[in-house]
Amino acid sequence: MKRLFLSLICICISVLGFAQDRITIKHGPYLQNLKETEVTVVWMAGKPSVGWVELAPDDNSDYYQQERPKYFDSTNGVKNTSLLHAVKITGLTPGTKYRYRVYSQEVLDHQGVEVMYGKVAATDVYGAEPLIFTTNDRNKPETSFVMINDIHGRTDDIPQLLKVADYKNTDMVIFNGDMLSQLKNEEELFTGFMDVSIDMFAKETPMYYARGNHETRGIFATFFQHYFSPKEPHLYFLLRQGPICYIFLDTGEDKPDSDIEYSGITDYDNYRTEQAKWLAEAVKSKDFTEAKYRVVIAHMPPLPDKRLWHGQKEVLEKFVPVLNNANVDVMLSGHLHHYFNNKPTSSVKFPVIDNAHKTVVKGVTKDNKLELKVMDLEGKMVDQITLIAK
């Protein structure tokens, strides 16, 4: 009897150990760079693994009616063994719903040409409906967005700001920089703002990220693009959704590259010069010129003031001359932690709305107007701006 009891204990310990060691989807998935014909899906597995996305049309067929196509996390034809997975899917149809599921299969050993695989983890489609996203569509009559910025790790503010802006009824969420005070490690990136974002919306509603100056700081800062816009050539980009064309700029750091705080590791002046060349071509594109509204997202605002710090002065001198001749409807910024509604001037010929750290901007197009509502944590209206389509 004693021997049987000890055997049962050993079995239980083995089962518990196996359960604890089983591979899981640790963080995610979440959508990045959703466009009209493509999307990138990012997630984090609990163990080194190969990963893939299974995709199905949202056509009322049973998810298990047939084998669904698989899109692998791979580089140059070789599947990546990693904890972090990013899969870019192309060839999609604009304005179309798709169902998806992510998988990670543990890689136990890789010797030469032999690979030993372990268990598979996947997002749940047994006890829940498959995850769904809808591709962007420039022909969509109207659109909407929500923007927050300068959260600096105040995780509890994120749900409150998104809720007062009715985030569930919006096409996209914009993070306009400084979601953390610095990037120290991967875990803080998720616990600081991404886990709550994934739980609330980011699995199915796209989040677009304009990097702030604080995301450039910390030992983990150089890994930023592994998690955000991981399959894009740059952290600055252009996209269309409905009648709006968005240009996302990366305004870099706020002090000179030679500043003692950066220890000689930064090269943002050259980076902004290169970006200005890209911007000059982007504003000539049909995506931009044919849009009813043209919205620029940039963390640091270009306010003409003698007290301007170097980074903002660079934005004013390198980006604004291009934008002044591009029929920009509005620039949305942050950085200053106070709300400002900066009217057009002779030096900055478009309005610059500077959102505070505890307010949210909700943008909605309707009847040839882009309505911007700025609300605080309690839902109180701070400002309301109406932009008429040009």
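Per-chain numbering applies: the sequence of each chain, read as written, is numbered from 1 onward. Selection of residues for local features in this predicted model requires a pLDDT of at least 70, selection of side-chain atom pairs for listing and counting requires 80 or more, and totals for whole chains, interfaces and linings are taken over all residues. Calculation of side-chain values draws on the structure's entire complement of heavy atoms; hydrogens and water are dropped beforehand.

Under the annotation held in an unreviewed UniProt entry, the protein carries the name Metallophosphoesterase and is attributed to Parabacteroides segnis.

Draft legend 1. Looking closely at the overall build of the protein. Scanning the protein for helices and strands turns up seven helices and 21 strands. In this setup the radius of gyration rests on C-alpha atoms only. A globule is expected at 2.2 Å times the number of residues raised to 0.38. For the protein, whose C-alpha radius of gyration is 23 Å, the value lies close to the compact-globule estimate of 21 Å for 390 residues. Taking the principal axes of its C-alpha atoms as reference, the protein extends roughly 90 × 55 × 45 Å. A separation of at least 24 residues holds for 70% of the contacts in the protein among residues at least 6 apart in sequence. Counting from the N terminus, the helices are DSSP H or I runs at least four residues long and the strands are E runs at least two residues long. Throughout, a residue-residue contact means that at least one pair of heavy atoms, one from each residue, lies within 4.5 Å.

Draft legend 2. Spotlight on the packing of aromatic side chains. Any pair of Phe, Tyr and Trp rings, taking the six-membered ring for Trp, is counted once the centres come within 6.5 Å. Such a pair is stacked with planes under 30 degrees apart, edge-to-face with planes over 60 apart, and tilted for the rest. Under the counting rule described, the total for this entry stands at 24 aromatic pairs. For the ring pair Phe193 and Phe228, a centre distance of 6.1 Å and an interplane angle of 25 degrees mean the geometry is stacked. Here Phe193 is found in helix H3 (residues 186-202), whereas its partner Phe228 is found in the loop between helix H4 (224-227) and strand S13 (237-241), with 35 residues between them in sequence. Phe228 gets classed as buried once you look at its relative accessible area, which sits at 1%. Here Tyr208 and Phe248 contribute two aromatic rings whose centre-to-centre distance is 6.0 Å and whose plane-to-plane angle is 40 degrees, an arrangement assigned as tilted. Placement of the pair is Tyr208 in strand S12 (residues 207-209) and Phe248 in strand S14 (residues 244-248), with a sequence separation of 40 residues. Residue classification places Phe248 among the buried positions, given a relative accessible area of 0%. The rings of Tyr30, Phe175, Phe193, Phe201, Tyr209, Phe224 and Phe228 are connected pair by pair, giving a single aromatic cluster. Think of it in three bands: with a 1.4 Å probe and only protein chains considered, a residue is buried below 20% of the maximum accessible area for its type, exposed above 50%, and partly exposed in between.

Draft legend 3. Up close: the UniProt feature "domain: Purple acid phosphatase N-terminal" (unreviewed entry) in the protein. UniProt positions are given in the numbering used here, feature names are shortened, and annotations may be inferred rather than shown by experiment. The positions that UniProt labels "domain: Purple acid phosphatase N-terminal" (unreviewed entry) are, in the present scheme, residues 31-106. Between the C-alpha atoms that bound residues 31-106 the distance is 23 Å, and the span itself is 0% helix and 61% strand.

Draft legend 4. Quick look at helix H5 (residues 268-282). Taking 1.5 Å per residue as the helical rise, H5 with its 15 residues ought to reach 21 Å, and the 20 Å between its terminal C-alpha atoms agrees with that figure. Within the span of H5, buried status applies to Tyr268, Tyr271, Arg272, Gln275, Ala276, Leu279 and Ala282. In an axial view of H5, the angular spread of the buried residues amounts to 140 degrees, which keeps them on one side of the axis. In H5, those exposed residues whose orientation departs by more than 90 degrees from the buried face are Lys277 and Glu281. Where H5 is buried, its residues meet S13, S14, helix H6 (286-289) and helix H7 (310-324). Under the convention used throughout, the expected extent of a helix is 1.5 Å for every residue step, that is, one less than its residue count. Each C-beta atom gives one direction from the helix axis, and the arc is the one those directions make.

Draft legend 5. Just the side chain of Ser333, in detail. When you line up the elements, Ser333 lands in strand S16 (residues 330-333). Residue contacts for Ser333: discarding those within four places in its chain leaves Met147, Asn149, Asn176, Ala298, His299, Met300, Pro301, Val352, Ile353, Asp354 and Asn355.

Draft legend 6. Representation of the environment of Asp305. On the secondary structure map, Asp305 appears in the loop between strand S15 (293-297) and H7. Accessibility expressed as a relative area gives 33% for Asp305, which makes it partly exposed. Residues Asp305 and Lys349, spaced 44 residues apart in sequence, show a C-alpha to C-alpha distance of 15 Å.

Draft legend 7. Representation of the packing of helix H2 (residues 157-164) against H3 in the model. Under this scheme, a helix contributes an axis fitted over its contacting stretch, all axes are lines through C-alpha atoms, and angles between N-to-C directions fall in the 0 to 180 degree range. For the pair H2 and H3, the least separation of the axes is 10 Å and the interaxial angle reads 40 degrees. Viewed along their axes, H2 and H3 adopt a mutual orientation that is oblique. As for the relative orientation of H2 and H3, their crossing is right-handed in sense. On the side of H2, the interface is formed by Ile158, Pro159 and Leu162, while H3 contributes Gly192, Phe193, Val196, Ser197, Met200 and Phe201. Of the residues that constitute the contact of H2 with H3, the class distribution is seven nonpolar, two polar and no charged. Oblique is the label for any angle not under 35 degrees, not over 145, and not in the 65 to 115 range, which are roughly parallel, roughly antiparallel and roughly perpendicular in turn. For any pair of crossing helices, the crossing counts as left-handed if the nearer helix is rotated counterclockwise from the farther one by less than a right angle, and right-handed if it is rotated clockwise. Three classes are used, and their members are as follows: Ala, Val, Leu, Ile, Met, Phe, Trp, Tyr, Cys and Pro are nonpolar, Asp, Glu, Lys and Arg are charged, and the others, Gly among them, are polar.

Draft legend 8. Region of the structure containing H2. The element H2 is largely enclosed, with a buried count of six among its eight residues. The complete set of buried residues in H2 reads Asp157, Ile158, Pro159, Leu161, Leu162 and Val164. Buried residues along H2 sit against strand S10 (144-148), strand S11 (172-175), H3, strand S19 (359-366) and strand S20 (369-376). Immediately beyond the C-terminal end of H2, within one or two residues, lies Asp166, with a positive phi of roughly 55 degrees.

Draft legend 9. Unusual backbone geometry, seen in detail. Cis geometry is found at the peptide bond from Gly28 to Pro29, where omega equals 5 degrees. Inspection of the secondary structure puts Pro29 in strand S1 (residues 25-32). Here His337, not a glycine, exhibits a phi torsion of approximately 65 degrees, which is positive. Turning to its location among the elements, His337 is positioned in the loop between S16 and strand S17 (340-342).

Draft legend 10. Main features of the sheet that holds strand S21 (residues 381-388). Any two strands are treated as partners once DSSP identifies two or more bridges connecting them. Across the sheet, which stays open at both edges, the six strands sit in the order S12-S11-S10-S19-S20-S21 with mixed pairing between neighbours. Unpaired on one side and paired on the other, S12 and S21 mark the two borders of the sheet. Sheet twist, expressed as the mean angle between neighbouring strand axes with direction ignored, is 20 degrees. One ladder, built from three bridges, connects S11 with S12; its direction is parallel. By the bridge assignment for S12, Val173 is matched with Met207.

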